[in-house]
Each structure stands twice: as structure tokens, then as C-alpha cells.
Amino acid sequence: MNAPFAPNRISPLFDEQAPHAAKWTQVETMQTVASFGSADAARLPLAGIGDLSFRRRAGVKGPGAAAWLNALGIVTPERMNSWLRMDDGTLVLRLGNTEYLVEDAPGGSHAAQMNAAAPAHGVYPVPRYDAALVVAGRNALELTRQTCAFDFTTLSPAAQGLAMTSMVGVGVTAVAMESGGETYYRLWCDGTYGGYLWATLVEVASDLGGGAVGLESLGRLAQQ
Amino acid sequence: MKRLPAMPDEWLDRSRTVRFRFEGRTFEGLSGDSIASALWAAGQRSQGRSFKYHRVRGILSAANHDVNVMLQDGPKLNTRGDVVAVREGMDLTAVNTFGGLANDKARHLNKLSRFLPVGFYYKAFHNKRLFPLWEKMFRRITGLGVVDFSTPHIRTQKRYDFCDVLVIGAGPSGLAAALSAAEAGASVVVCDENARAGGSGLFQLGADAARRQHTASLLQQVKSNPRIRLLEGTYAGAYYADRWVPLIDENRMTKMRAKSVILASGAYEQPSVFRNNDLPGIMNGSAMQRLIYRYAVKPCSTAVVLAANADGYRVALDLLAAGAAVAAVLDMRASVPASPLADALRAKGVEILGGHAVYEAHADGKGELAGVTACRIDGAGRVVSGSQRRISCDGVAMSTGWSPAANLLYQAGTRMRFDDLLQQFVPEQLPEGVFACGKVNGVFRLESRITDGQRAGLAAAANAGFEVSASITVPAETESPSHAWPVVAHPDGKNFVDFDEDLQVKDFENAVQEGYDNIELLKRFSTVGMGPSQGKHSNMTALRILARLTGKSPQQVGTTTARPFFHPVPLSHLAGRGFSPQRHSPLHGRHAAAGAVFMQAGAWERPEYYAVPGKSRIDCIREEARRVRTAVALIDVGTLGKLEIRGPQAAEFLNRVYTGRYDNMKVGATRYAVMCDDSGVLSDEGVVARIAEDVFYFTTTSSGAATVYRELSRLNIEWKLDCGLINLTGSYSAMNLAGPASRKVLAQLTDMDLSSAAFPYLAVRTGTVAGIPARMMRVGFVGEWGYEIHIPAEYGATLWDALMKAGESSGIGPFGVEAQRLLRLEKGHLIVSQDTDGLTNPFEVGMDWAVKLDKPFFTGKRSLQIVRKMPLKRKLVGFRLGENHSGEVPKECHLIIQDGDIAGRVTSISWSPHVGRFIGLAFVLPSMSESGTAFQIRLTDGSMVNAEVCDTPFFDPKDERQKEIE
């Protein structure tokens, strides 16, 4: 073997984004679009779609999952189909009864910790290489209305509910969050459907005055 | 001009004049006019031609389903003139004419009508030989409008929406329902097709301003209520399960989901039936009221009102208020009930004749109404001989009855009953969450409709979970709004029941005489209700006629099925923006960059082959296959289903779901796996790899991944074994590095021991490749030394690039699905669903070795035990064509013929560079499965191709390629 490798992570949305990207950046070893152009900032308040796939995440399921996560210092939501944000910014989603998705805040290490730890009895690791999106702007709700049969108004940020539904025909996990008094949505889907989801949402968003937004313009939305 | 002074609720913007063309002439209307009202205001009473006899027609209902006024508007055909607002610059023509409305060459069909009775085409044009000729002719002379195939693609949006209570119809009852529901706390959407809400509450006035005030007040409250969204110009096109209702507006369709749905859709006024009841100038009474109050158009100068209810009297009063003269009110009821309305008319000198009807209408030289002959009728509706009397008029208002707009109630599954007093079908049992109020509910008096709306609104809110305490009672109707027999016989016919299809009373008599005496049969034979208005103005009268002809009650006759959509919906709305999820492997971009020609494989797009400039498709595929056989090549197999089962009973689980045995596998080994369903049919296959004592990683076919995961998840819940199943299909990228040089290439990227001893054929190993954690299997689907490498999806492209770079000196290249199909065929490997079908068991395809019937249990075991004892019906064999075969090559699914009978079919076939012949797999009779047996394959054109059964694999039968190569 030749010199040691330092492999790059590739966003599941790379193929769709590459033709439109104006500027790239490296985040968490993943090449990510920093900017799609000067229109990014104007799109975000209307219907901005951003790629947060760079965040590290890991999943686990099984009857022993909650206890195993707790032993690793990861707090788990008490209610099924709900989420919480830990003090360090880590997002913990409870999918159904005994499955969890943990997404690190930038720089976080819980996912790596989960991947390294040996699973206990009744604990089944679920690798997560999702396409992870953020949908923001005052037309974000209308965007969901044109793409999903689920009523996103029932996902209030305060209630911290979670929906597993179908959007543009793609299975997604969705939550509503709040930033600066404005509601925005986070979506996760199987990465192999990510390109289609991204392209379709960007197309619909463009009808609503929005579109793809690079990491630089996402600002706090990329950090939360 | 017949424009009236401003009306309080008119839809017009009098400051804006709209110029448009109709049939080559220029007209002016006002902004807010419908096309029909603008034409009528300009004195243009002839606005269309009928479908069959090409008779001149004018406004009939002005109720958004007026088939008489259908227009071509540029590329838009069948524009409804009674509902579409006139726009500046429109260039309109009436549909269904040959040479224009005035000089329609087909108008002579009217004189041939006696030769064109109902169903004539069934009897006259059934000759098979001549049918194409007739078909061509009928397609030319029928059809409404002309399709312009160069019409630009219009992309329309679709959207979903949600509310607690959806109210369909914004007339008095709908508005009252919306307010009641909103006041109970519900979020309410109220929709109405009309450009402005208010419904009949703002035009059925009887010259009584107080009546409009009720509705105007309700409307004002609705508009100012924050819980209510009022959608004007929006109609509910259908009803689907779980209270899904598509709402159609000018631009798009909204799929509304409500917790409760209230039908306040009103009723369609029904034309009366008498000779020449279709002359321009004769219209429903409500149509005249719409013209007056919505468009400020005086419908006529002198009217005759044909009435059978209080509404007709109101029409007469409204006509008088609009400045028209009313020559007479002909009331079809035996006697005129005492009422203030009748008194008011008499006070204004209007003659009211009880027990009278219109015997026939008379046309002027243009074919428009010039007068009527009135007559007395007896209690059974028969004309009293000698009672005829001629009355000059240029307008007839027909107000003899209504039919409930209950289409969506029927679609929702409402049980309806015929109410003899009301002479109307009314809801008897409504489905859960569905409510009705107003005319559709059999409530006609204005005050009662408002009360009924309040009742329905509270009930709907309660159903949606809001606390409601009030209880409201609606007083019963005392007068029938509909006449039981609004039909006047005439020996010369032309008394139309269905204006869409030009159906006269005698057409129904003939149909029943021929045995079509059931409402569904009658509909299909006569085509009643099958035109653009879908029977909105004809079905009820047709039902009454059928009931009378068969001696049944309307309840016994019943109604036809109401199907979505009940109202015209532009195809562009239905098409809308479609969603067809495409699944791309993490390597998709790499394939595209390498010139891949993609093929659809389920939801996936996969490279069929990689195009090379100057080379044909087949040459590219053969070159890719040659590279695998002689050097090294890489294929994306990430579309395979990739599952993991983990836990103490993981092996037991696999033993149960696959036909083979997995509890005796060593860690680090792989084993082929066959899955059957309960009937023993081969349903999927793959490779099982034992990663640890309690961890198995296994693959499924690409197309079967989702189904297998779903079924295995179900079984895992049912069996309650101590193990968990994880779907890694989207999480892992996978690629197969295959060819004699594969080990040399891989060695550059990993520290793993790749020697045959350390990593033998059919072994699985974990390690890192290019710094990426990987699971690798030495499998040989294509028959070469190779490694199937599975890694986290986010590193897929990185590893692909690394392998391509490492293989440059070895001549590496990508290969696609077609090359892989050829290579596996040379090895005699089958593809489930290509070389098997929905009946194939493992014994038929030579997989006896993979079926362990000595296991205590596995899915399909019982069936396979039975099948095993029975003789095979067919067998999958290898075959090859003659050495120097030339000419057409058989295709997959071509039949194998023996002694004139079908003896099997080809499942796979391809040219094999290695064998130097066309080779394939085929199902044949067991008696034909011996190697060397000759048989024939029938091509599509019927010619035969010779072939012979041969042993498989065609290539490397002893797996020499998997042995140490250095």
C-alpha cells in the first residue's frame, strides 16, 4: 500500500449541487457548497434550501438503545416521535419507539463515540449517511404544502414533535425548529434519494422566490 | 344593449370595458362579465350549436355547466362561456360547428333527426370492414373543439391544504355553516366556484331587498372572521376517502384534507321539457336572475314564466323589477297556492294561469324565441285538447324544479332517499364527518337554509373536536320545490331532456321499448348524462321519465354512479407537477462523467453501459466485458439490497427466511442464499456474509430490497427472536472490482492480506481500503477473481476514484449492467425475475443444493416438500444457437416450440465472445433438458431458429479463475 489515505466525505447532494455551486468549503471533512451565488441571501428569507449533510450522525435501535445511549452520556427524548437538543447542541431524535438518530453539532463527537462503542445486548447500530436539509423562509410552509401531504403546522418548535412522512415521494424525517422567532424545518432522508429531494425542493422553492442557499448564507441555521 | 343600472351585488367593474371577438365579430363587455353575459348584453342570443342536431342554442342555466355555450379560446377548447370571465382580446368561436355558428353546414342534421334515433349508431355502423370508415367520420363530426398540438406545456402547481371544517358552497346555508363552525373554534375553509360568494342568496330575490340583506350580512361576517378562509372561484371537484377533497381554482388543484366536510352545494335548476325548449331565449329562471343581479343584464323584453314553485314567482317579480314585461305565469300545479308572491304579481297586472304549461315554443327567422303556445294540462300532465293559446315573448323562464347538487355526497358514500313531498333525493345516512345543509339537504326556504347551515356548522365543529352545546331544529318544508312531471308531450318531439346529447322524450321511450329499462343501461344506451355537463340538468328528468315508463317510483329507479371528477377539470391541473423519485447511487456523478447511458432499474438509474465516441452500444458492452475477462474493471453494485441482522438469534432468523443453512457458517465466510415465499416460489436471492458470531451482513436483489426488508421486519416482529434487522441499502456504497488484475489494483490501497490463503474465494473480510472502513467479499458473479467492496455511502465516490487511479496501469475501466448480464450468463448464473417468474421454484432452476429440507422450518418448506415429490413441469437450461447463426436473433421471452406446441421460453440470450456463439438460458420441458437436445425458437415473425441444450457454465466450468493466479 502507498501513503496513508485521508479520505474525503462526499455529500449525497454533491452531484445535484456541483453544476450550480459558486464556492466550496470543507466542513467536517465534507466538501460542501459555501455559496450558490449572490442570490443566496435574498432566497433565504423567502424559501431557502440548505445542505447540512456534513454534520456527523449515527443511529441506533433496539430495546437496549436508550439505556446504551444514556450510558454514553446522550440524553434521549421521553416521548416517541419527538426530539431534543442537548446542552452541547447535539440533536437527538427518537424515531418511533426504540430507534434514535443522533446528530452532532459542528465539532461534536457523540456520533464518533457511538460508532466506536461496542453495542450492548439489544442494541443495533444504524449507520446514518443521510441527506440532511434545512428549509427556511416565510414561504417554507407553502413549500411543504406543495410537496407533502403532511400538515407541517402540527410540528411546532415548542412541542418538539417529529414526523416520518413522504415528501415528493421520498421518505423523510422532519422536525420544526425556531431561530430568531422564525420557524424553519430540518429534513433527513436516505442519501440515495437526496439528490431528487434536493432538486425538487429547489425547483418548487424557486417558484416561491427562493432556492438553494450555501453554507455562508445559512448562518445560524447551519450551526443550530 | 340590455345592460341595466348598477345592481347592489353585481360582479362588474363598470370602469373597464373589455373588447373581444366572437365568431369573427367584435363585441364589448364589462370587466367581470362572463362570456355569455357579455354576449347576451350585446344582443347576441345565439351562442352555440347543439352536439347532435346542430340546433342554435343560447344561455340555458348560466350555472357553470351550460353546455349550450362552449367555446374555443385559442388553444383552450371547451371553455365554459357561462363561468369564464371575458378577457380583453379573446378571440372566441363556438365549438361544434362546420363553417361557423351562423352558417354551420351541419345544421341540416336537424331536419334528418327522425333518421337518427337514440342508439342509431349501434345498429347502423357495426360492420367490421366499414367500421374504420365510420369511426373516422364520427370522430370528425363529433368532438367538441379542436386540439392544438402545438399548445405550450403549462406547468401547474399542486398543493395540499388542511382545515378543521371544509364548507363546499358559499350560499346562505354554506356561509351560515362556516360562521357557526368558526364560532365554535374551528378553522374553516369555505369554497365556491363562482367568482363571488353569496350563491342564490344574492340573486333569488323576488325583488325583495330584505332577502339579499340576510346573505350580504352573512358574507360580511365570513369575510371578517379570522378563522375562516373564503375561496371564491374555487370548486370542490370530487370527494375521496378520509375527507380528501380536491379544490380547483383557475391556476391549480389543492388537495384539501378536512376533519369535517359540509356539503352546502345547493341544487341545479332543471329545465322543463316541452317542444323547442332549447330556443335561444328560453332559460332556467335562475339563469335570468343571475343575468339580472350578477351581470346587470336584462334577459328579455317580454317573458313568459313557466313555474311550479315559489321560485318561479320570484323570477317573475325580478323580471318586472328589471324592466321586463311578464306576459303570463304558467303554473304547472293544478292550482295556484295563495302567497304574497302571487298577490304581488297580480297587483302588477300579471296573469297567473294554474294548471298550465308551455305546449311548444316558436322561433323567429334566426331560430331564436319569438313566442310560445300555452296549454292546459290535467292532473297527470296530459295536454287538454283545444286549450292551446299563443303568447308572443322573447323570453321563457323555466322554474319547475331542482335537482340536488349531491354528486360529492354520493361519492362520499351517502345513502340517499327520495322524498315524495320535496320530489327530491335527500341524504338519509351521511358518512362520518360529512354533513349537508341547504338545498342539497332538501331545505329550500331562505330562513330555513340559514338555520340548517348553522346546525350543520355546529355538528361539523363537534365532529372536529370542538365543544358544542347548542341544538338547532330546522322547520320542515311545506311546499314542494320541484314538480313531479315537468314534461309536456308533443307529437313532433324536439322536447329536449338532455341538451348535451340532444335527447328528446321519445328517445327514452324508444330505449325502454328496446329493453334498456334500468337506469344504468338507459344511461349507456341513450348517453343521457354522459355529455360535458354530466347530467346536471338532465339526470333527474330522465329518472322521472324512466320511472313513469316502467311504473316505478324514483326511489326504485335509483340514480347512476357519481364518479370523480363531477365537474370539468383542466388536464393541466390534473397533471400538475408530478413527483417520480429517482434513486441515485453515491457514484452516479462518476458514471455520468464517464459517459454512462443510464437505464431505469426500479427507482434506480443504473449505467447500462458507458458510451465511447465512435463505438456502437453493443461494441461498448463487449469491450467492457472483454476488459473484465482480460484485465480489471469496476461496476457499481450499490443498488443491491444490503441488510444486517445482529443478535444471538441472528443465525436462526436467517435459517428461517432462507432455504439454506446459516447457523453452521464460519465467521468470515459467505454463502449463496435463496429466499422463497410460502408457496415455495423463488422470490429473492443474495449472499449472506458472517461478520461475527452474532452479526450477518447480507444482500438482496436490487429490485427486491425494500420488499424483503419489509417482510423480514414483519417476520422479526412476529417471531420475537433476539435479534435486530437493519437496512443499510442507502447507507452503504458497493462496487465490484473484477478481473485478473483486481488483486493487484486493490493491493495498492489496503494493508489487508489478499492472498488466496488469507482471503479465499467466498470469504468476507473487514478492513480499510484507501483509508475507508470496508467490508469485502470475494464473490464471482461475473466469473472472475474479484472483490465486492462495501463502504459507507459518503466515501463511495472517493473509493471509486482511488480504485480507478490505482488501476490505470492495468487498463481499468467501468462496466455497466449489460456487460455484467453477459458475463454472468457465460457463468450460467441466473437473475431472479429475469430467469425466474412468479411461479418458479428452486428445483426448476437447478437450485436443489440450496434447499435444505432437513431444517426444522423455513419459509416455503412445506410447499417445497410437496413440490419435491411431484414431477418437474419445466427446467431452466443453457442453450446455444448454431455455430454460424446468421439472421435475426431470438429475444428474451420468445417461445420454444416442439411438435407445434409451446415447450418453453427464452429467459436470457446474448452473444458470447468467449463461446463464439449466441448463448442463453431457457425454460424447457424436462424431457428436453438433456445436453445436446435440439429445439426451435419461434421469432416474432413466426420464423424458427434452431438451438440446442448445452451444459452450463458456458465459461470456466471448474472455477479456475478463482484459483491462485500468481
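Residues numbered from 1 in each chain as written. Chains lettered and ligands numbered in written order. Predicted model: local features only at pLDDT ≥ 70, side-chain atom pairs only at ≥ 80, totals over all residues. Heavy atoms only, no water.

Participant: Residues and numbers for the overall build of chain A, please.
Facilitator: Looking only at helices and strands, chain A has 8 helices and 14 strands in total. Considered along the principal axes of its C-alpha atoms, chain A spans approximately 55 × 50 × 30 Å. By residue count, 58% of the 224 residues in chain A fall in the buried class. Across chain A, every contact between residues at least 6 apart in sequence was considered, and the portion connecting residues at least 24 apart equals 64%. Accessible surface computed for chain A: about 8300 Å², of which carbon and sulfur atoms make up 52%. For chain A, the distance from the average position of its 15 positive side-chain charges to the average position of its 20 negative side-chain charges is 3 Å. (Helix = DSSP H or I, 4+ residues; strand = E, 2+ residues; numbered from the N terminus. Buried < 20%, exposed > 50% of the residue type's maximum accessible area, 1.4 Å probe, protein only. Contact = heavy atoms within 4.5 Å. Areas by Shrake-Rupley, 256 points an atom, 1.4 Å probe, with all protein chains shown as cover. Lys, Arg positive; Asp, Glu negative; His and termini not counted. Charge placed at Lys NZ, Arg CZ, Asp CG, Glu CD.)

Participant: Go over the overall build of chain B, please, and point to the residues and values.
Facilitator: Helix and strand counts for chain B come out as 23 helices and 47 strands. The C-alpha atoms of chain B give 38 Å as radius of gyration, which overshoots the globular expectation for 966 residues (30 Å, by more than 25%). Dimensions of chain B along its principal axes, counting C-alpha atoms only, are 115 × 70 × 55 Å. Across chain B, every contact between residues at least 6 apart in sequence was considered, and the portion connecting residues at least 24 apart equals 66%. Roughly 38300 Å² of accessible area belongs to chain B as shown, and the carbon and sulfur atoms make up 51% of that amount. Between the averaged position of the 113 positive side-chain charges in chain B and that of its 101 negative side-chain charges there is a distance of 2 Å. (Rg over C-alpha atoms; globule rule 2.2 N^0.38 Å.)

Participant: Provide a residue-level description of the interface of chain B and chain A, including the pertinent values.
Facilitator: Every contact between the two is made by 49 residues of chain B and, on the other side, 39 residues of chain A. Three residues, Phe162, Phe579 and Glu794 of chain B, lead the burial of chain B against chain A; their summed loss comes to 18% of the area buried on that side. At the boundary of chain B and chain A, one finds 7 salt bridges. Put simply, Arg583 of chain B and Asp190 of chain A hold a salt bridge, and the shortest N to O gap is 3.0 Å. (Buried area = accessible area lost by both parts, 1.4 Å probe. Salt bridge = Lys/Arg side-chain N within 4 Å of Asp/Glu carboxyl O.)

Participant: Explain the side chain of Ser403 of chain B residue by residue, including any values.
Facilitator: All names here are of chain B. The residue Ser403 is located in strand 23 (residues 402–404) in this model. Residue class for Ser403 comes out buried when judged on its relative accessible area of 11%. Contacts of Ser403, omitting those with residues within four sequence positions, involve Ala267, Tyr268, Gln270 and Met540.

Participant: Go over the sheet that holds strand 44 (residues 901–912) of chain B with me, naming the residues and quoting the values.
Facilitator: Residues and elements named next belong to chain B. Pairing in this closed barrel of 6 strands is antiparallel, and the strands run 42-45-44-43-46-47 around the ring. For this sheet the average axis-to-axis angle between neighbouring strands, irrespective of direction, equals 45 degrees. The pairing of strand 42 (residues 875–881) with strand 45 (residues 917–924) spans 6 bridges and is antiparallel. Bridge pairing in strand 45 links Phe879 to Gly920. Against the sheet, helix 22 (residues 817–826) engages strand 44 and strand 45, with an angle of about 115 degrees to strand 44. (Pairing = 2+ DSSP bridges. Axes fitted to C-alpha atoms, helices over the stretch in contact; angles between N-to-C directions.)

Participant: Requested: an account of the sheet that holds strand 32 (residues 641–646) of chain B, with residues and values cited.
Facilitator: Residue and element names in this part refer to chain B. With respect to topology, 5 strands assemble into an open sheet ordered 33-34-35-32-36, the strand pairing being antiparallel. Looking at strand neighbours, the two that pair on one side only are strand 33 (670–676) and strand 36 (724–727), the edges of this open sheet. The average angle at which neighbouring strand axes cross in this sheet is 25 degrees, direction not considered. Both strand 32 and strand 35 (residues 695–700) contribute to a ladder of 6 bridges, which runs antiparallel. Bridge pairing links Lys642 to Thr699 in strand 35. Along the sheet, helix 19 (residues 705–719) makes contact with strand 32, strand 33, strand 34 (682–692), strand 35 and strand 36, crossing strand 36 at roughly 165 degrees.

Participant: Which residues make up the domain arrangement of chain B, and what values go with them?
Facilitator: All names here are of chain B. By the assigned domains, chain B splits into domain 1 (158–268 + 403–463), domain 2 (496–568), domain 3 (585–595 + 615–640 + 729–839), domain 4 (641–728 + 842–867) and domain 5 (871–966). Centre-to-centre separation of domain 3 and domain 5, based on C-alpha positions: 27 Å. Counting residues at the interface gives 25 residues for domain 3, matched by 28 residues for domain 5. Summed over both partners, the interface of domain 3 with domain 5 comes to about 2200 Å²; 49% of that surface belongs to carbon and sulfur atoms. Where domain 3 touches domain 5, the interface holds 4 salt bridges. (Domains from an automatic or database assignment.)

Participant: An account of the nonpolar core is needed here, citing residue identities and associated values.
Facilitator: Phe20, Leu319 and Val329 of chain B are the most contacted members of the largest nonpolar core, which has 55 residues in total. If we skip the residues at most four places from it in the chain, Phe20 of chain B touches Arg25, Thr26, Phe27, Glu28, Gly29, Ala38, Leu39, Val86, Arg87, Gly89, Met90 and Leu92 of chain B. (Core = buried A, V, L, I, M, F, W, Y, C linked by side-chain atoms within 4.5 Å.)

Participant: Got a sec to walk through the pattern of salt bridges? Specific residues and values, please.
Facilitator: Counting across every chain of the model gives 70 salt bridges over all chains. Linking Arg714 of chain B and Glu718 of chain B is a salt bridge whose minimum nitrogen-to-oxygen distance equals 2.8 Å. On the criterion of helical spacing, the pair formed by Arg714 of chain B and Glu718 of chain B is a turn pair, its members being 4 residues apart in helix 19. On the basis of relative accessible area, Arg714 of chain B is assigned to the partly exposed category, the value being 42%. Through salt bridges with shared partners, one network takes in Glu142, Arg145 and Asp151 of chain A together with Arg159, Asp161, Arg229 and Arg252 of chain B.

Participant: Could you give an account of helix 4 (residues 172–183) of chain B, naming the residues involved and the relevant values?
Facilitator: Residue and element names in this part refer to chain B. Between its first and last C-alpha atoms helix 4 spans 17 Å; for 12 residues at 1.5 Å apiece the expected length is 16 Å, and the two agree. Most of helix 4 is tucked away, with 11 of its 12 residues classed as buried. Elements in contact with the buried residues of helix 4: strand 8 (158–168), strand 9 (188–192), helix 5 (209–224), strand 10 (228–232), strand 13 (253–263) and helix 10 (446–463). Gly185 occupies a position one or two residues after helix 4 and carries a positive phi of about 110 degrees. (Expected span 1.5 Å × (residues − 1).)

Participant: Mind laying out the environment of Gln865 of chain B, listing which residues take part and the relevant values?
Facilitator: Examined against the element boundaries, Gln865 of chain B turns out to sit in helix 23 (residues 861–868). A sequence separation of 12 residues divides Gln865 of chain B from Leu853 of chain B, and the C-alpha atoms of the two residues are 7.2 Å apart.

Participant: Can you tell me about helix 19 of chain B, naming the residues and giving the values?
Facilitator: All names here are of chain B. Look at helix 19: 21 Å from first C-alpha to last across 15 residues, which is about the 21 Å you get at 1.5 Å a residue. Those residues of helix 19 that sit buried are Ala705, Val708, Leu712, Leu715, Asn716 and Trp719. When helix 19 is viewed along its axis, its buried side chains cluster within an angular range of 105 degrees and face the same direction. Exposed positions of helix 19 whose direction lies more than 90 degrees from the buried face are Arg710 and Ile717. (Arc of directions from axis to C-beta.)

Participant: Give me the packing of helix 11 (residues 505–513) of chain B against helix 12 (residues 519–526) of chain B: which residues, what numbers.
Facilitator: Residues and elements named next belong to chain B. For the pair helix 11 and helix 12, the least separation of the axes is 10 Å and the interaxial angle reads 120 degrees. The orientation of helix 11 with respect to helix 12, classified from their angle, is oblique. Helix-helix and strand crossings are classified by hand; for helix 11 and helix 12 the assignment is right-handed. In this structure, helix 11 contributes Phe508, Ala511 and Val512 to the contact, and helix 12 contributes Leu522, Phe525 and Ser526. (Parallel < 35°, antiparallel > 145°, perpendicular 65-115°, else oblique. Left-handed = near helix turned anticlockwise from the far one by under 90°.)

Participant: How would you explain the domain arrangement of chain A if you had to name every residue and give the values?
Facilitator: All names here are of chain A. In terms of domains, chain A is made up of domain 1 (9–45 + 130–212) and domain 2 (57–127). For domain 1 versus domain 2, the distance between C-alpha centres works out to 23 Å. Across the contact, 16 residues belong to domain 1 and 16 residues belong to domain 2. Regarding the contact of domain 1 and domain 2, the summed buried area is about 1200 Å², with carbon and sulfur atoms giving 55% of it. In this assembly, domain 1 and domain 2 are joined by 1 salt bridge. Among the salt bridges present, the one from Arg186 reaches Glu103, with a minimum N-O distance of 3.0 Å.

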